Each structure stands twice: as structure tokens, then as C-alpha cells.
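# Observations on chain architecture
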Amino acid sequence: EIMAGDADRLNGLVEDGTMTAWGWLAHHTGGPWQRVAYHQANSLEALLDASDAIQAGGGDDDGDSEDEGPGFGEICNAHDDYIWSLEAGMSGQERGAAGFSVYHVCDIAREGRADEIVKEHVAPIFDKMVEDGQLTSWSWHSHVVGGEFRKLQVMTAADHKSLLAARTAGIQAIYGEDGGDEAGAEFVDICGPHVDYMWNIVDETP
């Protein structure tokens, strides 16, 4: 609710070109993270400027009185920061209400090959699933700044049941016949360990 109160201000930063998108996600299923706040821009420099603008306009998040209740910092008092670079997929369009994120731990020396596999083998499969309405969007990202996760795969759909069905179909296609098993096995060898999250997309622009 506290984050939702900032929607008009964040939308203003999109409208004036300070950033291209922002969003607020709530945990549905997965690991320990309970919320995700994200914002996007067209370059690293623009992203850092957007971060400064967001923080400058945030005001007092500690709560000033009993009537106001606890501030954002009290409720969400620990966090991890990541900066990601978009490598493949779709960005900037409306997404579904349900999100699925896969955070990968990869062999840094070979993670470039993982990007090649995604672009050559995975992207056509997911693009077709978007065209067919099974997915609303998908994207593939590389680590720039942050913790141990080196790659991020994101999918969205209208609801979680549809999203899981699409993910199952995608996995079967990626690791199935027509050479998919070979490419899939190579990908897993590079980026095997991972953590899955399902998110409710509470608010975002666009």
C-alpha cells in the first residue's frame, strides 16, 4: 500500500522520460523475497539518474506518528539490489498479471554461451508462445551489479495457472526433440543452479 501511494510520482518519472518503466511485485510462490520494486531505463547512466530521482522524491519512509503507522523502511527492512541488462525478449510492452522469474547461478567464464543458446534456441520458442497467446511477455537479462545470480529469465501471463502451463510447454520444447536436448543440456551445464519465483504483478507502468 505504501508503494502504491507513490504510483503517481513514479508514473510522472516515466512520462517525463526519466525512466521507461517501473513495477511493484508481490510474492506468490518461491524463495524468501517478499516484494520486488523495479525500474527501467535505456542506459546504465539513465538508470542511475532515475534511481537518484526516485530516492530524492521518496520523502520520509519511517512514519511520523502512530496514526501514520509504520513506514516502508520498517515493513521492508532488508533488501538485495540488482542491476540487469536486457539481452533478449520483449521489453516496454504491457505484461500479464502473473510473473515467473528464474534467477540463475552460472559459470561466469561460459555465461556468454548461455546467452547464445537463449537467443538461438529459446527465443523462437517463447516468441511463438507470445504470438499464440500462451505468454504475454518474456525476457532474458544479464547481471551488471548485485549478488550471486548471473542471469534472469522472466515470463508473464494473464494468470498463474496459464503461466505454469506455458512454462511446462516451454520446457518440453526447449529440452525436447530436434536438438533441443543437446542445447538444453549445454545450457544447464552452464547455468544449472537457480531459484524460481512466482509474482503477483501489483502495479507497473507500462
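Reading the values: the criteria
- Residues numbered from 1 in each chain as written.
- Predicted model: local features only at pLDDT ≥ 70, side-chain atom pairs only at ≥ 80, totals over all residues.
- Heavy atoms only, no water.
- Pairing = 2+ DSSP bridges.
- Helix = DSSP H or I, 4+ residues; strand = E, 2+ residues; numbered from the N terminus.
- Expected span 1.5 Å × (residues − 1).
- Buried < 20%, exposed > 50% of the residue type's maximum accessible area, 1.4 Å probe, protein only.
- Arc of directions from axis to C-beta.
- Contact = heavy atoms within 4.5 Å.
- Salt bridge = Lys/Arg side-chain N within 4 Å of Asp/Glu carboxyl O.
- Phe/Tyr/Trp six-rings, centres within 6.5 Å; stacked < 30°, edge-to-face > 60°.

### What about the pairing of strand β7 (residues 194-205)?
Relative to β7, strand β1 (residues 21-30) is paired through eight bridges, and the arrangement is antiparallel. From the neighbouring strand, Leu25 faces β7, where its bridge partner is Ile201. As paired elements, strand β4 (residues 98-104) and β7 share seven bridges and run antiparallel to each other. In the sheet register, Ala98 faces β7, and the bridge partner there is Asn200.

### What about helix α2 (residues 44-56)?
Every α-helix winds through 3.6 residues per turn, so residues three or four apart in the chain are directed the same way. Here α2 is 13 residues long and its end C-alpha atoms lie 18 Å apart, about the 18 Å a rise of 1.5 Å per residue gives. Among all positions in α2, only Leu47, Ala50, Ser51 and Ile54 are buried. Down the axis of α2, the sector holding all buried residues measures 105°, keeping them to one side. Opposite the packed face of α2, turned more than 90 degrees from it, sit the exposed residues Glu45, Asp49 and Ala56. Residues of α2 that are buried in the fold lie against α1 (7-15), β2 (35-40) and β3 (83-89).

### Digging into the pattern of salt bridges
On inspection of all chains with the given rule, the structure shows 12 salt bridges. Two residues, Arg150 and Glu111, come together in a salt bridge whose shortest N-O distance is 2.8 Å. Placement of Arg150 in the loop between β5 (137-145) and β6 (151-157) and of Glu111 in helix α4 (residues 111-131) is noted, with a sequence separation of 39 residues between them. Between Arg113 and Glu120 there is a salt bridge, with the nearest N and O atoms lying 3.9 Å from each other. On the accessibility criterion, Arg113 (30% relative accessible area) is partly exposed. Salt bridges here are not isolated pairs; linked through shared partners, they connect Arg113, Glu116, Glu120 and Glu186.

### Let's talk about the packing of aromatic side chains
For the structure shown, the criterion picks out 11 aromatic pairs. Measuring from ring centre to ring centre gives 5.2 Å for Trp33 and Tyr103, while their planes differ by 85°; the resulting arrangement is edge-to-face. Taken as a pair, Trp33 in the loop between β1 and β2 and Tyr103 in strand β4 lie far apart in primary sequence, 70 residues in all. Aromatic side chains Tyr103 and Phe149 sit 5.7 Å apart centroid to centroid with 50° between the ring planes, which places their arrangement in the tilted category. With a gap of 46 residues between them, Tyr103 in strand β4 and Phe149 in the loop between β5 and β6 connect regions that are remote in the sequence. Given a relative accessible area of 7%, Tyr103 falls into the buried group. On the basis of relative accessibility, which here comes to 9%, the residue Phe149 falls in the buried class. Taken together through their ring pairs, the aromatic side chains of Trp33, Tyr82, Trp84, Tyr103, Phe149, Tyr197 and Trp199 make up a single cluster.

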